[in-house]
Amino acid sequence: MKMSAISSQDDEDTFKILIATDIHLGYMEKDPVRGNDTFVTFNEILDHAQKNEVDFVLLGGDLFHDNKPSRKTVHACLESLRKYCMGDRPVQFEILSDQAVNFYNSMFPWVNYQDENLNISIPVFSIHGNHDDPTGADALCALDILSCAGLLNHFGRSASVEKIDISPILLRKGRTKIALYGLGAIPDERLYRMFVNKQVTMLRPKEDEDSWFNLFVIHQNRSKHGATNYIPEQFLDDFINLVVWGHEHECKIAPCQNQQQHFYVSQPGSSVVTSLSPGEAVKKHIGLLHVRGKKMKMQKIALETVRTFYMEDIVLADHPDLFNPDNPKVTQAIQAFCMEKVEMMLDNAERERLGNPRQPGKPLIRLRVDYAGGFEPFNIHRFSQKYMDRVANPKDIIHFFRRREQKEKNDNDLDFGNLVSRPTSEGMTLRVEDLVKKYFQTAEKKVQLSLLTERGMGEAVQEFVDKEEKDAIEELVKFQLEKTQRFLKERRTAAEEEKIDEEVRKFRESRKKNAEEEDEEVREAMTRARAHRSEDAMTRAKAHRSEDAVLVAASSDEEAMDTGVKGSGDSDDDFPATLTRGRGRARGRARGARGQNPTARGSSQRRRGSSGREAATSSRTYKPLSVPAKNMSIMDAFRSLKPDPLNSSKSYSEDIIDDDSDVEVLSAASSSKVNLRLSSTPSLGKSGSQSQTSRGVDFESDEDDFDPFQSTATSRRK
């Protein structure tokens, strides 16, 4: 398809679509200067949609900056959507596809403007990004809240992690038909491998395939960050007409044609500056897409409420006439030079703001200084204090860095052009799994992983850090240990340490080669961790209720004891001073002439209290004795296969001699019940995920527990 201009005249055959990506609502919301930037710009985007009377708004992911946005952020988003997207203006297009397939994960599987209880004038369609992707045991995200409220249509979720069938939303307005495809954010390496293995299918309408304008929304790395840490454009099908690419923050909204696949790619970029990098310094825009038949036109709309951002680089070694490292006052000269540069950028920002009163007052300024060549940096904090009232980021104005010096033997192979000019998509994105992998690659042999793989451990740590799955690492270790034990038992390996180590090493190497199986293991472990977390919440709730019941019962027992003591005739001459004032005075007046042995009463109270504590403490102290068999080491698992009758009888006789053996048996039994209940949880989580997967309907195709009763106190023995 060739790019051709079409008339922007509003008629019954032309779709008008407002396109934006990476709005990042809630970014730096606690900053006193920049806290409301994302909300103001989001209002401007929706205001453009309302003024241009668009048919719908299409968002390319990362509507929210945080996976769990704050109440303030969610409230501001709901306010904006209700203000601009609800009204009496009728929607001019219709949906032809099966909406139960397009919105399979929703309890209300239909587009929001067709809901008889809502009055929607501008529908909003959005996929999720990597910042607001579904997490937790129920795989929910912030977009699902908006979808349930009827303010947004969340699409592009994949029903399976093994095979992805992308089913389009089929739209028609007059004689123009659009097939809207969407794919929410998926880890780039996994999606890359699925494309290579032909596990991603884009379904097409059976009738009149060539009459549809195919629009695809994706949220992945477009620029290459590693061997497989991006999605090449060549992976996408060539029948697509336009790709709206989210996740990349540099604004390249003008459609650019891919010479190999012949489709066009539009990269709207972010609407807020989230990193002080060159790509963010490009002017921010959103797009107004006109589609009629198979023709399209993209109209750029500049955002006026975005805070201006100016950035400049300085290489001190390039100014030998100004700076001499041997000069004792060279640091003061460098500081004066930087101040001059900052003042120039502030003047440019002020001139730009005069023509746009809606622009925020304080700009973002970034000056990167390369001090290689024997120079020393000056005090950044003292420098920043001079611009506290003029710059939105006073603490980040100056960034000192030193370019790595190459070894002399490689001088002939150096490309100095690449050293000076860095790509605009710069922004070192260090991932947790990469750090874990790098650590174990460079670590000593004694701390190398012998059972787990670096990839699996890296993904578990990533889940722990990004998604707050506190049991992710523990569940992965348990899962891998169980699987290794089963493998060794199936191989009937002899219970010798050398042979076991050799078999474990071979098993680990075979798992490293099978990346798909390893991904499945990580997913299973994450499912168990999420189910574990849900079980923990239920356990804590039951524990709190049990504690309340125990406290109520204890207080009633004490009242009953006090009543009984009243009737037995005791004296208050030596009454314990630990009672409350009101009760002490009443008893003093009522029982002055009665006699009782205070020692006996006090000792009986102490015995009652200590016995209660003994019962509670004994259960706490002996509970860890019940260790599930799945947590045994590999050597212990093999030794347990051949029990020694002498040792077993000896241990039995020792248990009989111990005067606390009855307490241990009771505690172990109660603990085993708890462990049995917890061990059944992962299977429930797994079946839940399978049932969730089976719900998807496609087009025809060929295809450590928290225990509130646990304490460190030791039990007393009678």
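Relevant structure appears above.
First, a word on what this report is: a plain description of the structure on this page. (Residues numbered from 1 in each chain as written. Predicted model: local features only at pLDDT ≥ 70, side-chain atom pairs only at ≥ 80, totals over all residues. Heavy atoms only, no water.)

## Details of unusual backbone geometry
With a phi close to 55°, H24 is a non-glycine residue in the positive phi region. Mapping H24 onto the fold places it in the loop between β1 (15-20) and α1 (37-51). For H24, a relative accessible area of 1% corresponds to the buried category. For K198, which is not a glycine, the phi torsion comes out positive at approximately 60°. (Helix = DSSP H or I, 4+ residues; strand = E, 2+ residues; numbered from the N terminus. Buried < 20%, exposed > 50% of the residue type's maximum accessible area, 1.4 Å probe, protein only.)

## Observations concerning the sheet that holds strand β16 (residues 309-315)
The strand order β16-β17-β18 describes an open sheet built from three strands, whose pairing is parallel. With partners counted over all chains shown, the strands left at the sheet margins are β16 and β18 (398-401), one partner each. Taking each pair of neighbouring strands and ignoring which way they run, the sheet shows an average axis angle of 15°. By the bridge criterion, seven bridges tie β16 to strand β17 (residues 364-370) in an arrangement that is parallel. Opposite M311, over in β17, you have R366 as the bridge partner. (Pairing = 2+ DSSP bridges. Axes fitted to C-alpha atoms, helices over the stretch in contact; angles between N-to-C directions.)

## Overview of the nonpolar core
The tendency in soluble globular proteins is for nonpolar side chains to be buried side by side. Counting 32 residues, the largest nonpolar core has L18, L63 and L81 as the members making the most contacts within it. With residues up to four places along the chain from it excluded, the contact list for L18 reads I45, A49, V54, F56, V57, L58, I286, G287, L288 and I301. Among the nonpolar cores identified, the runner-up in size contains 28 residues, and I19, L58, V111 and L242 belong to it. (Core = buried A, V, L, I, M, F, W, Y, C linked by side-chain atoms within 4.5 Å. Contact = heavy atoms within 4.5 Å.)

## So, the sheet that holds strand β2 (residues 56-59)
Ordered by their spatial adjacency, six strands build an open sheet running β5-β4-β2-β1-β14-β15, and the pairing between neighbours is mixed. Of all the strands in the sheet, the pair left with one neighbour each is β5 (153-154) and β15 (295-302).

## Here's the deal with the side chain of T308
Here T308 shows up in the loop between β15 and β16. The class for T308 is buried, based on a relative accessible area of 8%.

## A word on the environment of D210
Among the secondary structure elements, D210 is positioned in the loop between β9 (200-202) and β10 (213-219). By relative accessible area, D210 is classed as exposed at 63%. Considering only alpha carbons, one finds D210 and K294, 84 residues apart in sequence, at a separation of 9.1 Å.

## Re the pattern of salt bridges
Counted by the stated rule, this structure contains 16 salt bridges. With a shortest N-O distance of 3.0 Å, R175 and D13 are connected by a salt bridge. A residue pair is termed long-range when its members are at least 10 positions apart, and R175 in the loop between β7 (169-173) and β8 (176-183) and D13 in the segment before β1 qualify at 162 residues. Overall, the relative accessible area of 71% leaves R175 in the exposed class. Judged by relative accessible area, which is 10%, D13 ranks as buried. With a shortest N-O distance of 2.8 Å, D37 and R307 are connected by a salt bridge. With a gap of 270 residues between them, D37 in helix α1 and R307 in the loop between β15 and β16 connect regions that are remote in the sequence. Both residues of the pair, D37 and R307, count as buried. (Salt bridge = Lys/Arg side-chain N within 4 Å of Asp/Glu carboxyl O.)

## Quick look at the packing of aromatic side chains
In total, this model carries 16 aromatic pairs according to the counting rule given. Here F378 and F400 contribute two aromatic rings whose centre-to-centre distance is 5.0 Å and whose plane-to-plane angle is 85°, an arrangement assigned as edge-to-face. Of this pair, F378 sits in the loop between β17 and α7 (380-384) while F400 sits in strand β18, and the two are 22 residues apart along the sequence. Given the relative accessible area of 8%, F378 is considered buried. Through pairs of rings, three or more aromatic residues link up here, namely F15, F56, F93, Y113, F125 and F155. Between the NZ or CZ atom of R222 and the centre of the ring of W245, over which it lies, the distance is 5.9 Å. (Phe/Tyr/Trp six-rings, centres within 6.5 Å; stacked < 30°, edge-to-face > 60°. Lys NZ or Arg CZ within 6 Å of the ring centre and 35° of its normal.)

## So, α1
Compared with an ideal rise of 1.5 Å per residue, which puts 15 residues at 21 Å, α1 spans 21 Å between its outermost C-alpha atoms and is within 8% of the ideal. Burial analysis of α1 places 11 of its 15 residues in the buried class, which makes it a mostly covered element. Within α1 the residues assigned to the buried category are D37, T38, F39, T41, F42, E44, I45, L46, D47, H48 and A49. Those residues of α1 that are buried lie in contact with β1, β2, α2 (71-85), β14 (285-292) and β15. With its phi angle positive at about 50°, E53 sits one or two positions after the end of α1. (Expected span 1.5 Å × (residues − 1).)

## Focus: the environment of I334
Counting through the fold element by element, I334 comes out in helix α6 (residues 330-354). Separated by 12 residues in sequence, I334 and L322 have C-alpha atoms that sit 8.6 Å apart. Setting aside residues up to four positions removed in sequence, I334 forms contacts with L316, F323, F375, E376 and F378.

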